[in-house]
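# Residue-level structural notes
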Amino acid sequence: MAWWDYGYQLTQIANRTTIADGNTWNHEHIALLGRALTSPEKEGHRISRHLADYILVWAGGGGDDVAKSPHLARIANSVYRDMCPGDPTCSNFGYTAQGQPSKMMRESMLYKLHSHGLAPGVVADPNRFREQYSSKFGKCRVFKILSVSKESKEWVANPANRKCDIPGGWYCPGQYPPGMQKILSEKKDFSQLEDFNYKGEKDSEYQKQYFENLERKKLGQGMERTEKPKKQPWKPNKDLSIEQIDEINKYWADSETTSQMWQLISQNKVKELIEILSDYPEAAHSRSADGRGPMFWALEFGNEKIARILRKIGVSTTVKDEQGVTPLDLMKETNEL
């Protein structure tokens, strides 16, 4: 399994069968692939285990799969409308204004595989996926799908289940194994504007809303709210377990995340920091190459407000950097000055 862009190369160069390639005439099939990749990791695995043995993702920045993924989510939603209810452009799947992945993107199967072991705190579920191969510079990553459905694999391999226009013919559009029927029952076949031969129910209202939302996004306008939300005490949109926090603290490296955290804290940009930590609390526990992180910098700059925010989401004041110094040591030095 891979996004359709790489289908021909995988077939011709790697001599591997893929479930999609550049011949994207079947929009509903491409939407199913998009749904598997952009759904939460658990749901994506439930789909992919009936379709493939391995998943290939293109990583390493630039125009990689995560950069493309908002478009994948929109394609998925055009057929599976529960992906982004009432929002054809899937505006909640993408990057925040601060350049961090949104909650929906961060929880997707594609993001987990793409950033596994690279972004702080991002680890693919070891009960569902196992990293099989990564190229020298991490551009190409292949994961083995665990717990592949034996029943679906045997059903697909049975010649009796081949669907062709005539017996022995070359035109075989295929069909999905029975294990996929539940997810397939949720789809709504998509009618494109230029599809004059489509005989089913037209979908003009969805397309109208899609283009209106694109225009609103272009003008920098958000989705309209029907009522003003009540103000609640701030907390991140998800909680991290002690095990997850410990795992993040093991990873020391200068990264875009640590650079961004240092800049926000040193410039006392509390609002911007909260916006990032709301969807990406892992950033609060990130560590630079010298072992320091957000709590070190908050106390070093004497910024107690930011320190309180960090304490609220479990950032330790007693972890040590490479010199054995803790954030509390820096606070004492600051107070003495």
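Our structure's up above, just so we're on the same page.
## Re the overall build of the protein
- Scanning the protein from terminus to terminus reveals 15 helices and three strands.
- The buried share of the protein, reckoned over its 337 residues, is 43%.
- Of the roughly 19,500 Å² of accessible surface on the protein, a fraction of 51% belongs to carbon and sulfur atoms.

## Focus: the pattern of salt bridges
- What the rule picks out here adds up to 15 salt bridges.
- Note that lysine 68 and aspartate 5 form a salt bridge whose closest N and O atoms lie 2.9 Å from each other. Pair noted here: lysine 68 is in helix H4 (residues 65-79) and aspartate 5 is in the segment before helix H1 (7-12), with a separation of 63 residues, a long-range link.
- For lysine 68, a relative accessible area of 23% corresponds to the partly exposed category.
- A salt bridge links glutamate 247 to lysine 250; the nearest nitrogen and oxygen atoms lie 3.7 Å apart.
- When its relative accessible area of 41% is taken as the criterion, glutamate 247 is described as partly exposed.

## A word on H4
- Here H4 spans 20 Å end to end across 15 residues, near enough to the 21 Å set by a 1.5 Å rise per residue.
- Of all the bends in H4, the greatest measures close to 30° and is centred on histidine 71.
- Judged by how many residues are buried, H4 sits mostly within the fold: 12 of 15 residues are covered.
- Within H4, the full set of buried residues consists of Asp65, Val66, Ser69, Pro70, Leu72, Ala73, Arg74, Ile75, Ala76, Asn77, Ser78 and Val79.

## Re the packing of helix H11 (residues 256-266) against helix H12 (residues 270-279)
- Between H11 and H12, the least distance of the axes is 9 Å, while the angle of their chain directions is 145°. Within the contact between the two elements, H11 uses Gln260, Met261, Leu264 and Ile265 and H12 uses Glu272, Leu273, Ile276 and Leu277.

## Things to note about the sheet that holds strand E1 (residues 54-58)
- Within the open sheet, the three strands sit side by side as E1-E3-E2. Their pairing is antiparallel. Edge positions in the sheet fall to E1 and strand E2 (129-134), since each has one partner strand and no second. Taken over all neighbouring pairs, the strand axes of this sheet differ in orientation by 25° on average, direction set aside.
- In this fold helix H3 (residues 41-48) packs onto E1, E2 and strand E3 (140-145), with an angle of close to 80° to the strand it touches most, E2.

## With respect to H3
- Burial in H3 covers these residues: Glu41, Gly44, His45, Ile47 and Ser48. Here the buried residues of H3 occupy an arc of 160° about the axis, which is enough to place them on one side.
- Looking at the buried positions of H3, the neighbouring elements they touch are helix H2 (27-38), E1, helix H6 (109-114), E2, E3 and helix H8 (181-184).

Analysis parameters
- Residues numbered from 1 in each chain as written.
- Predicted model: local features only at pLDDT ≥ 70, side-chain atom pairs only at ≥ 80, totals over all residues.
- Heavy atoms only, no water.
- Helix = DSSP H or I, 4+ residues; strand = E, 2+ residues; numbered from the N terminus.
- Buried < 20%, exposed > 50% of the residue type's maximum accessible area, 1.4 Å probe, protein only.
- Areas by Shrake-Rupley, 256 points an atom, 1.4 Å probe, with all protein chains shown as cover.
- Salt bridge = Lys/Arg side-chain N within 4 Å of Asp/Glu carboxyl O.
- Expected span 1.5 Å × (residues − 1).
- Bend = angle between axes of the 7 residues up to and from the residue.
- Axes fitted to C-alpha atoms, helices over the stretch in contact; angles between N-to-C directions.
- Contact = heavy atoms within 4.5 Å.
- Pairing = 2+ DSSP bridges.
- Arc of directions from axis to C-beta.

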